[in-house]
Amino acid sequence: MGIGRTLERFEEGLKLWGISLNEVQRERFQKLTQLLLEWNERMSLTSITDPERIAIEHYLDSIAPLAFNLIGEGMAVVDVGTGAGFPGLPLAIMAPFASFTLIDATRKKVTYLQTVCSELGLTNVEVIWGRAEELAHKRSFREGFDVAVARALGALDIVWECTLPLVKVGGTAIAYKGVKVDEELEIGKQTAILVGGEVREVYKFKLPTTEINRALVVAVKVSCTLPRFPRRPGIPEKRPLRLLIRAK
């Protein structure tokens, strides 16, 4: 099956969300698949190598916030721990009305992402090499974004510590989760408060055209994050916020 044909089911899924592709977007997704598979041969970007599955399980999944109107005109969005560019790249293709900053700590992946943005002509994307735990303490990043997204960063308390310090008061952090989201929610709600957030919405859905259960957990930034957060790189994983809750 050619790469072009693999987008048919992807487009069918988008239509179920009331979203359509224009020709420029269609060509960009085709080129993205080509580049992803080429670069995946020399570095680890994705374990999914079937083009149709890439389109559904990476692209369609990444675009979910648009189906729930979570990213609007003129918003500045940061993708923390973007890896191979998910969800940031598909969101940027589908939302040219917003700007996207993709952060990753692996230099090779940053080089890949910069190449992709150049090849696709994505002028609304900036790629940054670094750790969110460090960048969030810089004036140009701290509380500078309307929306933060994280798709494979870890448990909710880790996600909140690495995203909410980057979000403006009144903005949102969006965590992509799977079928076990309920197991994390209570701790997620408690720990969001520690970094200035409040979990307000949980959108549960089946990925269109599949039986895959997905969820978006949305935390609103209700107050400025205390200066101590985020803690230095590695600490959010080694000593997650849930331990602070239990210690009280």
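Above this text sits the structure in question.
Since this is a predicted model, take the numbers as computed values, not measurements. (Residues numbered from 1 in each chain as written. Predicted model: local features only at pLDDT ≥ 70, side-chain atom pairs only at ≥ 80, totals over all residues. Heavy atoms only, no water.)

(A) Up close: the side chain of T191. Here T191 shows up in helix 8 (residues 181-194). Here the side chain of T191 touches G188 through a polar contact of 3.4 Å, landing on its backbone oxygen. Apart from residues no more than four positions distant in its own chain, T191 is found in contact with D157, W160, L241, R242 and I245. (Helix = DSSP H or I, 4+ residues; strand = E, 2+ residues; numbered from the N terminus. Polar contact = N/O pair within 3.5 Å; in protein donor to acceptor, adjacent residues only side chain to side chain. Contact = heavy atoms within 4.5 Å.)

(B) Representation of the sheet that holds strand 4 (residues 145-150). Strand order in the open sheet made by the seven strands is 3-2-1-4-5-7-6, with mixed pairing throughout. Two strands lie at the open edges of the sheet, namely strand 3 (125-129) and strand 6 (197-206), each paired on one side alone. Strand after strand, the sheet turns through a mean of 20° between neighbouring axes, direction not considered. Examined bridge by bridge, strand 4 and strand 5 (residues 167-177) share five bridges and lie parallel to one another. From the neighbouring strand, V149 faces strand 5, where its bridge partner is I174. Packed on one face of the sheet, helix 3 (residues 51-67) meets strand 5, strand 6 and strand 7 (213-221) and runs near 145° to strand 5. Sitting on the sheet, helix 5 (residues 107-120) is in contact with strand 2 (99-104) and strand 3, with an inclination near 165° to strand 3. (Pairing = 2+ DSSP bridges. Axes fitted to C-alpha atoms, helices over the stretch in contact; angles between N-to-C directions.)

(C) Local environment of the pairing of strand 2. Burial analysis of strand 2 places five of its six residues in the buried class, the great majority of the element. Bridge count for strand 1 (residues 76-80) against strand 2 is five bridges, and the pairing is parallel. Bridging across to strand 2, V77 finds its partner in F100. Handedness of the crossover joining strand 1 and strand 2 through helix 4 (residues 88-94) is recorded here as right-handed. With five bridges joining them, strand 2 and strand 3 adopt parallel strand pairing. For T101, the partnering residue across the bridge sits in strand 3 and is E126. Each parallel crossover has a hand, and for strand 2 linked through helix 5 to strand 3 it is right-handed. (Buried < 20%, exposed > 50% of the residue type's maximum accessible area, 1.4 Å probe, protein only. Right-handed = clockwise from strand over helix to strand, strands pointing away.)

(D) Highlighting the nonpolar core. Counting 53 residues, the largest nonpolar core has F10, F29, L32, F100 and Y112 as its most contacted members. The leading source of residues in this core is helix 3, at eight residues. Those residues in contact with F100 that sit more than four places away from it in its chain are V77, G88, L91, A92, A95, N124, V125 and E126. Formed by 34 residues, the second largest nonpolar core is a distinct cluster that contains V80, A132, L164 and V181. (Core = buried A, V, L, I, M, F, W, Y, C linked by side-chain atoms within 4.5 Å.)

Geometric values such as these leave the question of function open.
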